[in-house]
Amino acid sequence: MASKLRYWLFKSEPSAFSIDDLAASPEQTALWDGVRNYQARNFLRDDVALGDLVLFYNSREEPLGVAGTMKIAKAGYPDPKQFDPSSKYFDAKSPADAPRWTGVDVRLIQKFPAVVSREQLGADATCAAMMVMKRGMRLSIQPVTREEWLAVHKLAGVRP
DNA sequence: GCCAACGTTGGC
DNA sequence: GCCAACGTTGGC
């Protein structure tokens, strides 16, 4: 029996990895790596499952907001960058036989016609309650509800 | 660029 | 195991 589909929000700085970068990736699929926060890692490792649906959120750089959607193409596996000394995400303390950090593969579903801004999100009763709208909530991998998923699509003017 | 909020580190 | 110092996140 299939497990219940979950909904998530992943943050990325567009200058590091944008939704256009994802669209330009082979098969519009890429490794979501570099998560170095334990709570976010636990979500990636334990809860994010194949087929789950994800909001792509532009963090720290304009245009802030939800740029589009993607789905999980491969569930959690060791983030290779933790073993790459040339990477800023290298972690010398991560044991090779028990990797500390997890990545997942994501595949583009759609880029929204325009980024759904924080102003739009804040003006919507459903979206305003999302974790990402809370001040000081820094978690880069967040669960969202089905209602929030649908409300963001309504604001974007597209079908889920 | 500012600064508040948060997570991690390290001395004790 | 506490907690101050420090580094990072992230909106403004």
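Up top you'll find the structure we're talking about.
**Section: the protein's contact with DNA strand B**
Okay, step 1: Near DNA strand B you find Asn 37, Tyr 38, Arg 135, Gly 136 and Arg 138, and these make up its full shell.
Okay, step 2: Close to the protein, within 4 Å, the atoms of DNA strand B belong to sugar or phosphate groups at a rate of 65%.

**Comments concerning the sheet that holds strand E6 (residues 141–144)**
Okay, step 1: Overall, mixed pairing links the 6 strands, which are arranged E2-E5-E4-E3-E1-E6 in an open sheet. One side of each edge strand has no neighbouring strand; the edge strands of this open sheet are strand E2 (29–32) and E6. Here the average twist between neighbouring strands, direction ignored, is 40°.
Okay, step 2: Inspection of the sheet shows strand E3 (residues 53–58) paired to strand E4 (residues 65–78) by 6 bridges, in the antiparallel sense. In the strand pairing of E4, Leu 55 is matched with Thr 69.
Okay, step 3: Sitting on the sheet, helix H4 (residues 146–156) is in contact with strand E1 (7–12), E3, E4, strand E5 (102–116) and E6, with an inclination near 40° to E5.

**Points about the pattern of salt bridges**
Okay, step 1: Applying the stated criterion across every chain, the model contains 6 salt bridges.
Okay, step 2: A salt bridge links Asp 33 to Lys 81; the shortest N-O distance between them is 3.2 Å. Of the two residues, Asp 33 sits in the loop between E2 and helix H2 (38–47) while Lys 81 sits in the loop between E4 and E5, which places them 48 residues apart along the sequence.

**Here's the deal with the protein's contact with DNA strand C**
Okay, step 1: Around DNA strand C, the structure places Lys 11, Tyr 57, Ser 59, Arg 60, Leu 64, Arg 118 and Arg 138.
Okay, step 2: Within 4 Å of the protein, the atoms of DNA strand C are drawn from sugar and phosphate moieties in a proportion of 69%.
Okay, step 3: In this structure, Tyr 57 approaches DNA strand C through a side-chain N or O atom, which is 2.9 Å from a phosphate oxygen.
Okay, step 4: A distance of 2.9 Å separates a base nitrogen of DNA strand C from a polar side-chain atom of Arg 60.
Okay, step 5: Among the residues making up the surface near DNA strand C, the classes are represented as 2 nonpolar, 1 polar and 4 charged.

Thresholds, definitions, all that
- Residues numbered from 1 in each chain as written.
- Chains lettered and ligands numbered in written order.
- Predicted model: local features only at pLDDT ≥ 70, side-chain atom pairs only at ≥ 80, totals over all residues.
- Heavy atoms only, no water.
- Near = heavy atom within 4 Å.
- Pairing = 2+ DSSP bridges.
- Helix = DSSP H or I, 4+ residues; strand = E, 2+ residues; numbered from the N terminus.
- Axes fitted to C-alpha atoms, helices over the stretch in contact; angles between N-to-C directions.
- Contact = heavy atoms within 4.5 Å.
- Salt bridge = Lys/Arg side-chain N within 4 Å of Asp/Glu carboxyl O.
- Polar contact = N/O pair within 3.5 Å; in protein donor to acceptor, adjacent residues only side chain to side chain.
- Nonpolar A, V, L, I, M, F, W, Y, C, P; charged D, E, K, R; others polar.

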